[in-house]
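Each chain, written out:
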Amino acid sequence: MGQAGGEYGVRILTGNDLKTGDVIWWAGEGWSRHLAEAVDAGHDAESILAREEAERRVNAGYVVEAEATDAGPMPLHIKDRIRASGPTVRTDLAINTSIPIIKA
Amino acid sequence: MYRYDSYDQAIVDARVEEFRDQARRRIAGELTEDQFKPLRLTNGLYLQLHAYMLRVAIPYGTLSGRQMHMLAHIARKYDRDYGHFTTRQNIQYNWIKLEDAADILADLASVEMHAIQTSGNCIRNISSDQYAGVSADEVADPRPWAELLRQWSSFHPEFSYLPRKFKIAVIASQEDRAAMKLHDIGIELVKRDGVVGAKVFVGGGMGRTPMVAPEIKDFVTEDELISYVEACLRVYNRYGRRDNKYKARIKILVHELGADEYRRQVEEEFAHMKTLSIDPPVAELARIRAHFADPAYQAGISDDIDLSYPDFAVWVRQNVAAHKQPGYAIATISLKPAGGIPGDASADQIDLMADLAAQYSMDELRVTHAQNIVLPYVKKADLYTLWQKLDAAGLASANLDLISDIIACPGLDYCSLANARSIPVAQKISERFADLDRQRDLGEVKLKISGCINACGHHHAGHIGILGVDRKGTENYQLLFGGSGAEDASLAKIVGPGFDEDGIVDAVEKATDVYKSLRQEGERFLDTYRRVGMEPFKEAIYG
Amino acid sequence: MVDFLSFRDGETATQEPTVTLESFQGQSNATAVRIEPGEDARELIPFLDRISLVEVNFPAFGDGRGYSAARILREAGYEGELRAVGDVLVDQLVAMRRCGFDSFVPDAPFDADVVKASLERYEHVYQKTVDGREPVWALRHG
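Predicted model, so just to flag it, every value in this text is computed and none were measured. (Residues numbered from 1 in each chain as written. Chains lettered and ligands numbered in written order. Predicted model: local features only at pLDDT ≥ 70, side-chain atom pairs only at ≥ 80, totals over all residues.)

All names here are of chain B. The assigned domain composition of chain B is domain 1 (6-109), domain 2 (136-289), domain 3 (310-392) and domain 4 (407-542). Relative placement of domain 1 and domain 2: their C-alpha centres are 26 Å apart. Listed as interface residues are four residues of domain 1 and, on the opposing side, five residues of domain 2. A per-class count over the side of domain 1 that touches domain 2 returns two nonpolar, one polar and one charged. (Domains from an automatic or database assignment. Contact = placed C-beta atoms within 7 Å. Nonpolar A, V, L, I, M, F, W, Y, C, P; charged D, E, K, R; others polar.)

Glancing now at the interface of chain C and chain B. Contacts between chain C and chain B engage 28 residues on the former and 35 residues on the latter. Residue assignment for the side of chain C that touches chain B shows that the elements contributing at least two residues are α2 (65-75), α3 (93-98), α4 (112-121) and α5 (136-141) of chain C. Considered class by class, the residues forming the side of chain C that touches chain B number ten nonpolar, seven polar and eleven charged. (Helix = DSSP H or I, 4+ residues; strand = E, 2+ residues; numbered from the N terminus.)

Bringing the sheet that holds strand β19 (residues 474-481) of chain B into the picture now. Residue and element names in this part refer to chain B. The sheet built from five strands is open, its strands ordered β16-β17-β18-β19-β20 with mixed pairing. Since the sheet does not close on itself, it has two edges, and those belong to β16 (407-408) and β20 (493-494), each with one partner. Two strands pair when backbone bridges link them, and strand β18 (residues 464-471) and β19 are joined in this way by eight bridges, in the antiparallel orientation. Across the sheet, Leu-467 pairs through a bridge with Gln-478, a residue of β19. Here helix α13 (residues 423-432) sits on the sheet and contacts β16, β17 (447-450), β18 and β19; the angle it forms with β17, its principal contact strand, is near 155°. (Pairing = 2+ DSSP bridges. Axes fitted to C-alpha atoms, helices over the stretch in contact; angles between N-to-C directions.)

A word on the interface of chain A and chain B. Counting residues at the interface gives 20 residues for chain A and 22 residues for chain B. Residue assignment for the side of chain A that touches chain B shows that the elements contributing at least two residues are β4 (59-69) and α2 (78-85) of chain A. For the side of chain A that touches chain B, the residue count by class is eight nonpolar, seven polar and five charged.

This brings us to the sheet that holds strand β3 (residues 62-64) of chain B. Residue and element names in this part refer to chain B. Spatially, the five strands line up as an open sheet ordered β3-β14-β15-β12-β11, and their pairing is antiparallel. Two strands bound the open sheet, and with one partner strand each, they are β3 and β11 (320-322). Geometrically, the sheet is characterised by an average inter-axis angle of 30° between neighbouring strands, direction not taken into account. The pairing of strand β12 (residues 328-333) with strand β15 (residues 373-379) spans five bridges and is classified as antiparallel. Looking across to β15, one finds that Ala-329 is bridged to Val-378. Contacting β3 and β14 (364-367), helix α3 (residues 65-78) runs over the sheet at an angle of about 85° to β3.

Residue and element names in this part refer to chain A. Burial within α2 is extensive, with eight of its eight residues counted as buried. Where α2 is concerned, the buried positions are Ile-78, Lys-79, Asp-80, Arg-81, Ile-82, Arg-83, Ala-84 and Ser-85. Just downstream of α2 lies Gly-86, where phi reads positive at about 120°. (Buried ≥ 20, exposed ≤ 12 C-beta atoms within 10 Å, placed from the backbone.)

Residue and element names in this part refer to chain B. Alternating residues of strand β4 (residues 82-85) divide into Tyr-82 and His-84 and Gly-83 and Phe-85, and every residue in both groups is buried. Here β4 runs beside strand β13 (residues 344-346); their pairing, made up of three bridges, is antiparallel. Across the sheet, residue Gly-83 finds its bridge partner in β13, namely Ala-345. Two strands pair when backbone bridges link them, and β4 and strand β5 (residues 91-96) are joined in this way by two bridges, in the antiparallel orientation. Bridge pairing in β5 places Phe-85 opposite Ile-91. Taken together, β4 and the strand that follows it, β5, pair antiparallel across an intervening segment of five residues, in which Gln-89 is found at a positive phi of about 65°.

Take a look at the structure:
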């Protein structure tokens, strides 16, 4: 993880559960549905992804550039923040409405 | 409407089992995602921003109450209690599981529905006019031709791996209610010496390089239609660009060859195709046409509507169109309530619309490319009761073709291809203009929003178009004016520098103010824009 | 797993190596030719009676030009072996058969069970093409 205050970017992994389609985040020992549990995969990002895809523990995975924050890693791109939280127009379907969509 | 015979049913059932096995092989690891992707796409299953998304075909936008009930059932059983009606007359479900997909397709097949070729580089759902069969201005019902093409295009072995997607629309009136000229192939049925034939346009489309399709063939008779479209497709399959995904549609081929050369190559191939006896006999189109015969209209019923209740009168004037049969009317159910998500309907609303169709519309509904629902066979005497029931369910917005009748793609809220969200912009605009009197004063304004250049929101064809872009990681919106998907097809032009979400709403409002200040008698927004040009609008918006 | 699949009766695979389309046009004694996606199969039409094998290459399974090439050759009366080679997937087998291919050398071998299931799955077809199968509209109207 980067230093507190987000001075360093982190590289987190996301993808979908093959069978259910759920959005998942690499949490170090497995995949989680919660962005807050995502870990910095750093230089190993691509090799972890390849291994996990080959074992079908993730589908259509990719690396997300994020910044480390007190609330956990926060994707830099709005698309991935929406991915992590859910459709902004249906907060009743959201996984997590505390993720800021627009960067401050 | 068309009903499957045992052959149609057997084919759809086989397709379900084929996909069931393909999904099983994917889950078991016998297929990689790269190998599986085209297979799931040709069954309408995308992997989207939040989950798998399933796009179910509603052929030429026509469905029965029973089928509509099934769409509600799928939303409840497999998804999150709602569906989204699209600009190609299909329905999308956003929260599908791969492990359920085959069962969903089996449920659909049980009511003669499917998700065949609703995605992928193949021939997609054939779309048509939502007033087909009930409008006085049509030469013939276009839907039998659309059904003939649907069967011809389903699992066509030569055209399963085209350079890119291929969209066909069929209309049969001079008024184009289906944006026909903005399709890869657009067909207008016309009459020559008493014979109905197809005028064929090829090479329209939106996306990165929007184009209005040129006319390629002035008249093809029904006994040669299949040979002709095969020729059009074969030339495309052989010579369409495959080096660049953004240059792979047939519009690019037609543009680069020139319409004359493309026409020449098609004629050559058409002459060859005609020697192969691949056209169905005319008896086949006649067989299909019999399914679309006029229903048993009641004769001698009242052709009057009691407009004494003001809110009902407003709805009739805006959302009800003239029917070819005396005593009947065509009613549009708006899926665009102020502040709502354009095209979305809850499972309960879908069930209600199905019930209303059964009770008031001879059990038939239509989906429009503007993401609304039409009841095509309503007795005028039933309109008031129908309206009351729609009103109670939030489905009676009297805004057909008004500024709040917005076409919007799902955008970045749902779509991994998008650059910006489109739905919040639609919501803010419809809220800004919520006053119905204000909307009616503005009159017809076709406002269309796309969240990216793929243009699923048809922004190029908007009188007012909005395109979401990514500006250094922030959502930004370009404003366009002057597009039209009707018979006077034109492509919208960008007004100037883009806006943020609040800015675009203000800009739209300023544009409508300019229109009101400059309009002449009888002019819609589009007409005034075409007459006065961009300058007055630009000045007001950018100051 | 199946490396080579043929639907031709009783023949063994043609052993003669294929020549490119360009070379073929210069050689009077070649009987096996290979065509690439961007090449025009119609250039072979004057020579069909002396060709025993046409290989159609699929460098990428998503490039569907070979399907047109195959069908064009059969429409022209070609009766020799028509082989799909390269990035050919078992799920494409039926469409390829319908376009006239009668042998297959896929880069990645086919699963024999999937081959069998695929071939048996669709009893009916909607289009008339070169495979001799009666389309549904012919069955409907006798």
